[in-house]
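A structural walkthrough
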Amino acid sequence: MYTQGLDQAGTDEQIAVETDELLSAFQERIDAEEKIEPKDWMPEAYRRTLIRQISQHAHSEIIGMQPEGNWLTRAPSLKRKVILLAKVQDEAGHGLYLYSAAETLGVSRAQMVADLLSGKAKYSSIFNYPTLTWADIGTIGWLVDGAAIMNQIPLCRCSYGPYARAMVRVCKEESFHQRQGFDIMHTLCRGSDEQKAMAQGALNRWWWPSLMMFGPNDSESKHSAQSMAWKIKRFSNDELRQKFVDATVQQADFLGLRVPDDELRFDEDSGHYRFGEIDWQELFDVIAGNGPCNKQRLEKRRQAHSNGAWVREAAQAYASKQASRAAA
Ligand code: FAQ
């Protein structure tokens, strides 16, 4: 039975059946780019790594609805409101595909949700920051969805079939999200001085937290080496962060905005933008539950879960009624 806190290597009993032959046959399948499917044999640590990553990803989508949900009633026009509603609903859908993908590994949705609500499970640090102005909604689409796509396109080639297939649709929707965010920023940047200042203010607040989304530096990333050997991850945290910076700095230039990093410069030799040091302490504090909005996000999620209890009970009662009719 899955337990989030267990050592990723699994129990002695599980490891005892993981013979060298089985492990090397598994790695050969991975190296040959074969997809691993739910009923295939897999090392216990591979299964646990996927449950950890996919459930954290699902939780991020679900908690990630809150910062934008904050602006649904205050979007500046009907058109913007309809677009934002569609986006937030997409995030709910992503969470559900991802919970389903994780369930194929033998963990129940109830267990994953319980881990989120108890504060045991992680979700992306980025969703613990407040959305103070309408420009934050543009910035979330532009930077947060932009970072999410950079990280998730390679996940479409992840070795685990159900996760890889779920990511194809998720990425298509994330692309639309990124475009809508950029469109908001573009509109603000062509607007009044106040609107442009609002866009710059949002970039100032979201830039560094967006870079933190990719996780710790490679040297500090405890899971990367194994996840890359298993082709769950195709690029390291630092490689993806660099790709994101290279693409995004040019978009900021196009918008006429300044990236808040005095050390940012283009390095002709490598063809990459070099950027300043990330405040890792901030990331670790947010992950530890001490970001600006961690408590409020979890509290709101717990309330939503308890307000929705009657829907789950009604669905369960209906399913039992159908099952007993089918059995009669
Ligand atoms: N926040 O060894 P690594 C989105 C944890 S979806 C919190 O490098 P790994 C859509 C990490 O879990 C955004 N925790 O770990 C959207 C691990 O902890 P553990 C979510 C973080 O797994 C947009 C520990 O630190 N995307 O944005 C963070 O190899 C707009 C050590 O780190 C995904 O989940 C962090 N930023 O690499 C929705 C994508 N970084 O489990 C609404 C899938 C690291 O040992 C609005 N996930 N940690 O206790 C991944 O690609 C990977 O899991 C990484 C981390 C890259 C996030």
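See the structure printed just above.
Residues numbered from 1 in each chain as written. Predicted model: local features only at pLDDT ≥ 70, side-chain atom pairs only at ≥ 80, totals over all residues. Heavy atoms only, no water.

**Focus on the pattern of salt bridges**
A complete count under the given rule lists 19 salt bridges for this structure. In this structure, Glu103 engages Arg109 in a salt bridge whose closest nitrogen and oxygen atoms are separated by 3.2 Å. Given the relative accessible area of 32%, Glu103 is considered partly exposed. Taken together, the shared-partner salt bridges in this structure form one network comprising Glu68, Lys87, Glu91 and Asp145. (Salt bridge = Lys/Arg side-chain N within 4 Å of Asp/Glu carboxyl O. Buried < 20%, exposed > 50% of the residue type's maximum accessible area, 1.4 Å probe, protein only.)

**Focus: a nonpolar patch on the surface**
A contiguous nonpolar surface patch, about 210 Å² in accessible area, is contributed by Leu22, Leu23 and Trp41. Topologically, Trp41 is positioned in the loop between helix 2 (20–31) and helix 3 (44–63). The class for Trp41 is partly exposed, based on a relative accessible area of 31%. (Patch = residues over 30% accessible without salt bridge, like charges linked within 9 Å, V, L, I, M, F, W, Y side chains within 5 Å. Areas by Shrake-Rupley, 256 points an atom, 1.4 Å probe, with all protein chains shown as cover. Helix = DSSP H or I, 4+ residues; strand = E, 2+ residues; numbered from the N terminus.)

**Here's the deal with the site of the ligand**
Taken together, 34 residues form the shell around the ligand, and within it Gln56, Lys122, Ser221, His223 and Lys233 come nearest. Arg52 places a side-chain nitrogen or oxygen 3.0 Å from an oxygen atom of the ligand. Between an oxygen atom of the ligand and a side-chain N or O atom of Lys233, the distance comes to 2.6 Å. Burial of the ligand by the protein chains amounts to 92% of its free accessible area of 1,100 Å². Of all the secondary structure elements, the ones that give two or more residues to the shell around the ligand are helix 3, helix 5 (78–103), helix 7 (134–152) and helix 8 (161–189). By residue number, the principal contributor to the shell around the ligand is helix 3, which donates six residues. Here the shell around the ligand is composed, by residue class, of 11 nonpolar, 13 polar and 10 charged. (Near = heavy atom within 4 Å. Polar contact = N/O pair within 3.5 Å; in protein donor to acceptor, adjacent residues only side chain to side chain. Nonpolar A, V, L, I, M, F, W, Y, C, P; charged D, E, K, R; others polar.)

**Focus: the nonpolar core**
Counting residues in hydrophobic clusters, the biggest one holds 75 residues, and the most contacted among them are Tyr46, Leu50, Ile54, Trp142, Tyr160, Tyr163 and Trp207. In terms of residues, this core owes the most to one element, helix 8, which gives nine residues. Setting aside chain neighbours within four positions, we find Ile54 in contact with Leu98, Ala101, Ala102, Leu105, Tyr160 and Tyr163. (Core = buried A, V, L, I, M, F, W, Y, C linked by side-chain atoms within 4.5 Å. Contact = heavy atoms within 4.5 Å.)

**Focus: the packing of aromatic side chains**
Tallying each qualifying case throughout the model produces 10 aromatic pairs. Through a chain of ring-to-ring contacts, three or more aromatic side chains come together here, namely Phe26, Trp41, Tyr46 and Trp230. Above the plane of the ring of Trp71 lies Arg74, whose end atom (NZ or CZ) is 4.1 Å from the centre. The cationic tip of Lys243 hangs over the ring face of Phe235; the distance from NZ or CZ to the ring centre is 4.5 Å. (Phe/Tyr/Trp six-rings, centres within 6.5 Å; stacked < 30°, edge-to-face > 60°. Lys NZ or Arg CZ within 6 Å of the ring centre and 35° of its normal.)

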